[in-house]
Amino acid sequence: MKKVANVFTAPAKHWVGNGFHVASMFSYKDKDKNLDPFLLMDYNEPKFFQGGRRDNSAFDLRGVGEHPHRGFETVTIAYQGEVSHRDSYGGGGTIGTGDVQWMTAGSGVMHEEMHSEKFAKEGGLFEMVQLWVNLPSKDKMTAPKYQAIKSADIPVVTLPNNAGSVRVIAGELLDAKSPAETFSAINMWDTTMNANSAYTFSVPESHNVIILLLDGTIQVSGNAVARRGELVTFERGASDVLIEANNTAKLLILTGEPLNELVVGYGPFVMNSREEILQAIRDVKTGKFGRLG
Ligand code: MN
């Protein structure tokens, strides 16, 4: 059984632009946790946004305006609400409840992430997770790519013994395989556990595992308790993760093969050396990341 290393409560929330009120559950600055290849997790717990009228007066969409990324992928999971994205490589689209946006920044994009016009107009509850997934050194300068993964395309697995169900956002589980293309071995399991249930997830022994509790309470590996809004990290080694729930629980389980490469990050850039970071800053200044049309 994989040993729980820690259960963390959410840190204080901060605004990303004016559209995302997030707790950064972890970041690439946390060198002491087994997170590799995951770099960052921002969690926007359910938050109500008032709808605004669209009329002749200025209508400001909430969100975060044009900014760069290089060297990794951003994965946005929409639980409630809608986000529209546009990038300098021509990628774009709107994701809503159940959809996932998988953007490979690679060699560099400028993008914006905004509440959709429809959501801004109607208002409602907004709940998102954004992950930053590292790219292997050899792929950091790959061409940018945008995958819109619609809810209907995400396979759903029913767990044995009525334990619950899992949407396989990335990787595979039992007989289901996600359509998401990844650069390293990753699983993302959007999991609902039923009341009075237990299931042992089998994870490759070499993988790091991270769990975010979105709702409810679970017991992990037989001893640790995690509650809504908390993050669970694990020791290295072993392959079984036992999840038990007395009531319905919603959790996001991430597993990944560590890249074991040097991580040098600076704001929206994550590379392998300081020189590559300085190059990224120069490349933004000289327009090599392109512009939003
Ligand atoms: Mn971004």
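Above this text sits the structure in question.
Quantities reported herein were computed from a predicted structural model and do not represent experimental measurements.

**Quick word on the overall build of the chain**
Counting its regular elements, the chain contains two helices and 26 strands. Since a compact globule built from 293 residues should have a radius of gyration of about 19 Å, the 19 Å found for the chain is in line with a globular shape. Its C-alpha atoms give the chain principal-axis dimensions of about 55 × 50 × 35 Å. Expressed as a percentage of its 293 residues, the buried residues of the chain come to 54%. In the chain, once contacts between residues fewer than 6 apart in sequence are set aside, the share between residues at least 24 apart is 73%. Counting only carbon and sulfur atoms, one obtains 48% of the accessible surface of the chain, whose full area is about 13000 Å². Separation of charge centres in the chain, based on 29 positive and 34 negative side chains, amounts to 5 Å.

**Quick look at the side chain of Glu 127**
With respect to the element layout, Glu 127 can be found in strand 11 (residues 123-134). For the buried residue Glu 127, which engages in no salt bridge, the nearest side chain bearing the opposite charge is Lys 250, 4.3 Å off. Those residues in contact with Glu 127 that lie beyond four places of it in its chain are Tyr 43, Asn 44, Glu 45, Pro 46, Ile 77, Ala 78, Tyr 79, Gln 80, Leu 214 and Lys 250.

**Re the packing of aromatic side chains**
For the coordinates displayed, the defined rule picks out ten aromatic pairs. Pairing Phe 49 with Phe 119 gives two aromatic rings, centres 6.4 Å apart and planes at 75°, and the pair type is edge-to-face. Residue Phe 49 is found in strand 4 (residues 38-50), and its partner Phe 119 is found in helix 1 (residues 117-122); the two are separated by 70 residues along the sequence. When its relative accessible area of 5% is taken as the criterion, Phe 49 is described as buried. On the basis of an interplanar angle of 85° and a centroid distance of 5.6 Å, the ring pair of Phe 49 and Phe 126 is categorised as edge-to-face. Separated by 77 residues along the polypeptide, Phe 49 in strand 4 and Phe 126 in strand 11 bring together distant segments of the chain. Across this residue pair, the class does not change: Phe 49 and Phe 126 are buried.

**A closer look at the coordination of the manganese ion**
Within the protein, the manganese ion binds to His 67 (NE2), His 69 (NE2), His 111 (NE2) and Glu 113 (OE); these donor distances fall in the range 2.2 to 2.3 Å. Read from N- to C-terminus, the donor residues coordinating the manganese ion fall into the pattern H-x1-H-x41-H-x1-E. Summarising the burial analysis for this pair, His 111 and Glu 113 share the class buried.

**With respect to the environment of Ile 211**
Mapped onto the elements, Ile 211 comes out in strand 19 (residues 208-215). Look at Ile 211 and you get buried, because its relative accessible area is 0%. Sequence-wise, Ile 211 and Thr 255 are 44 residues apart; in three dimensions their C-alpha atoms are separated by 8.8 Å.

**Section: the sheet that holds strand 8 (residues 92-95)**
Within a sheet, adjacent strands bond to each other through the backbone by hydrogen bonds, running parallel or antiparallel. What the four strands build is an open sheet, ordered 5-10-7-8; its pairing is antiparallel. Each edge of the open sheet carries a strand with a single partner, namely strand 5 (63-69) and strand 8. Averaged over all pairs of adjacent strands, the angle between strand axes in this sheet comes to 15°, irrespective of strand direction. As judged from the five bridges shared by strand 5 and strand 10 (residues 109-115), these two strands associate in the antiparallel manner. Paired with His 69 across the bridge in strand 10 is Val 109.

**Some points on the sheet that holds strand 3 (residues 20-26)**
Taken together, the seven strands give an open sheet; going across it, the order is 2-3-4-11-6-9-12, and neighbouring strands pair in antiparallel fashion. Strands with a single pairing partner mark the edges of an open sheet, and in this sheet they are strand 2 (14-16) and strand 12 (145-149). Taking the axes of each pair of neighbouring strands and ignoring which way they run, one obtains an average angle of 25° across the sheet. Here strand 9 (residues 100-104) runs beside strand 12; their pairing, made up of five bridges, is antiparallel. Opposite Trp 102, over in strand 12, you have Gln 147 as the bridge partner.

**Quick word on the pairing of strand 14 (residues 164-170)**
Of all seven residues in strand 14, six are buried; the element is thus mostly enclosed. In terms of strand pairing, strand 13 (residues 156-158) meets strand 14 through three bridges, oriented antiparallel. Paired with Thr 158 across the bridge in strand 14 is Ser 165. Connecting strand 13 to the next strand, strand 14, in antiparallel fashion are five residues, including Asn 161 with a positive phi near 60°. Here strand 14 runs beside strand 17 (residues 186-193); their pairing, made up of six bridges, is antiparallel. Within strand 17, the residue paired with Val 166 across the bridge is Thr 191.

The rules behind the values
Residues numbered from 1 in each chain as written. Predicted model: local features only at pLDDT ≥ 70, side-chain atom pairs only at ≥ 80, totals over all residues. Heavy atoms only, no water. Helix = DSSP H or I, 4+ residues; strand = E, 2+ residues; numbered from the N terminus. Rg over C-alpha atoms; globule rule 2.2 N^0.38 Å. Buried < 20%, exposed > 50% of the residue type's maximum accessible area, 1.4 Å probe, protein only. Contact = heavy atoms within 4.5 Å. Areas by Shrake-Rupley, 256 points an atom, 1.4 Å probe, with all protein chains shown as cover. Lys, Arg positive; Asp, Glu negative; His and termini not counted. Charge placed at Lys NZ, Arg CZ, Asp CG, Glu CD. Salt bridge = Lys/Arg side-chain N within 4 Å of Asp/Glu carboxyl O. Phe/Tyr/Trp six-rings, centres within 6.5 Å; stacked < 30°, edge-to-face > 60°. Donors = N, O, S within 2.8 Å, 3.2 Å for Na, K, Ca; no water. Pairing = 2+ DSSP bridges. Axes fitted to C-alpha atoms, helices over the stretch in contact; angles between N-to-C directions.

Coordinates in, geometry out; function isn't part of it.
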